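Understanding the architecture of this molecule
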Amino acid sequence: MRGGKAEITLDSKRPSQKPKQKRPSIFFRSLNREGPGISKQDAVITYGFKGFFSLYFRRFGTLFSINLLYVLGNFPLLLALFATSGNVFATQTLTHGNVVYPVLHGVMISDMNPVKAALNGVFGSRSIDYVLHSGAYIMLGIGLALFCITFGLVNVGCAYLLRNIVKGDPVFLMSDFFYAIKRNFKQALPMGILDLLFLYVLYQDILFWYLNARSFLYSYLFYFSILLALFYFVVRFYLYEMMVTFRLSLFKLIKNSAIFAFWGIKRNLVGLLGIIVFCLFCFGIFYTYVPLGIILPFTIMISTCAFIAVFTAWPNIKKVMIDPYQDQQDKNEDDKEAPIFRDDVTQREREAEMKKRHGHS
């Protein structure tokens, strides 16, 4: 689990002076501004319930911006959903939606009476349906193909931002987001495709055993599929967070994440329960007040679930893969040897990148 070339963040103090820059528009100001750096409150973070809620509400505005990055970054999925909505490249038609109607219609053909006519009034109601044209399927295919590309990239960029929030590091929203994608592009792209493939297979597995649960064995396999899906969901707590923290191969990332899913089972279960409760809360709001429920996934729901996952995983990663080698990292720096750990986006590189972006040599 500790093999491979890894990295650790050893951030130095940020310079207090910042170059002057043109102020962006109000709409993009919260996404582009660099912020004042790290606050005294964020410098010391306790990884318990009190620390979670304290940090969550202090960085609520940043989480709102990260949620926008999740949504806007994965815009191809919205394109695919729009293609299947029937608003374009589709023909509107009326169809009988009740499963009883085909049998009832066959009986009415042979013999019609008042009782069957009354049943036809109940079960024969028609609803609006859409027949998709070729253009809709083309748009759907393009949207899903692009979504496979953006999924891993957006996840790795947001994982880096959330990790820095949980660590108490300064967050430069847009520059850190794109810089993390640039540095992890070769791993994030295939990992995103594999991630979606695993999720799709697990979904189809659960659906198959649910529809075919006619015996004890099939029911057992259905519940086993749910447990397997929950296990992989916990594994995802660590995948992208370790990708932006350590230099490891994809195989070792998946293997170490699976080990952490078992090793930190108590903390993982609490984090998983927190995500489930929060999602149920959001669905409850949706059924209670639809306008607010529709807005939540586009504003705070996705980033909150991701924040819970990162807050759950980071203390375990730090305890096992960083703290035991902190002294060795410091010794290597003193001896000017090649360090075992190296931050994927070091403080010096981040400052150099910011100067470059603002036209400073």
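All of these numbers come straight from a predicted model, not from anything done at the bench. (Residues numbered from 1 in each chain as written. Predicted model: local features only at pLDDT ≥ 70, side-chain atom pairs only at ≥ 80, totals over all residues. Heavy atoms only, no water.)

Remarks on the environment of L273
- Mapped onto the elements of the fold, L273 is located in helix 12 (residues 265-288).
- Accessibility expressed as a relative area gives 51% for L273, which makes it exposed. (Helix = DSSP H or I, 4+ residues; strand = E, 2+ residues; numbered from the N terminus. Buried < 20%, exposed > 50% of the residue type's maximum accessible area, 1.4 Å probe, protein only.)

Thoughts on helix 11 (residues 250-263)
- Its 14 residues give helix 11 an end-to-end C-alpha distance of 20 Å, which sits within 8% of 20 Å, the value for a rise of 1.5 Å per residue.
- Listed in full, the buried residues belonging to helix 11 are L253, N256, S257, F260 and A261. Along the long axis of helix 11, the arc covered by the buried residues comes to 145°, so they all point the same way. Exposed and oriented more than 90 degrees from the buried face of helix 11 are F251 and F262.
- As for helix 11, its buried residues are in contact with helix 9 (173-211), helix 10 (216-243), helix 12 and helix 13 (290-322). (Expected span 1.5 Å × (residues − 1). Arc of directions from axis to C-beta. Contact = heavy atoms within 4.5 Å.)

A short note on the pattern of salt bridges
- Scanning the model with the defined rule gives three salt bridges in all.
- Where D323 meets K318, a salt bridge forms, and the shortest distance between an N and an O atom there is 3.0 Å.
- For D323, a relative accessible area of 38% corresponds to the partly exposed category.
- The exposure class of K318 is partly exposed, given its relative accessible area of 30%. (Salt bridge = Lys/Arg side-chain N within 4 Å of Asp/Glu carboxyl O.)

Concerning the side chain of E241
- If you trace the backbone, E241 turns up in helix 10.
- At 6.4 Å, R163 is the nearest oppositely charged side chain to E241, a buried residue that forms no salt bridge.
- Within the local environment of E241, its side chain forms a polar contact with the backbone nitrogen of W314, the two atoms lying 3.4 Å apart.
- Once residues lying within four places of it in the same chain are set aside, the contact partners of E241 are A159, R163, A309, V310, A313, W314 and I317. (Lys, Arg positive; Asp, Glu negative; His and termini not counted. Polar contact = N/O pair within 3.5 Å; in protein donor to acceptor, adjacent residues only side chain to side chain.)

Examining the nonpolar core
- Among the nonpolar cores identified, the biggest contains 67 residues, and L63, I66, L162, Y240, M242, F307 and I317 are the most heavily contacted of them.
- Elements represented by at least two residues in this core include exactly helix 3 (49-58), helix 4 (60-73), helix 8 (134-167), helix 9, helix 10, helix 11, helix 12 and helix 13.
- Among the elements that line this core, the one with the most residues is helix 13, at 16 residues.
- The residues contacting F307, other than those within four sequence positions of it, are F52, L55, Y56, L63, L162, I165 and V166. (Core = buried A, V, L, I, M, F, W, Y, C linked by side-chain atoms within 4.5 Å.)

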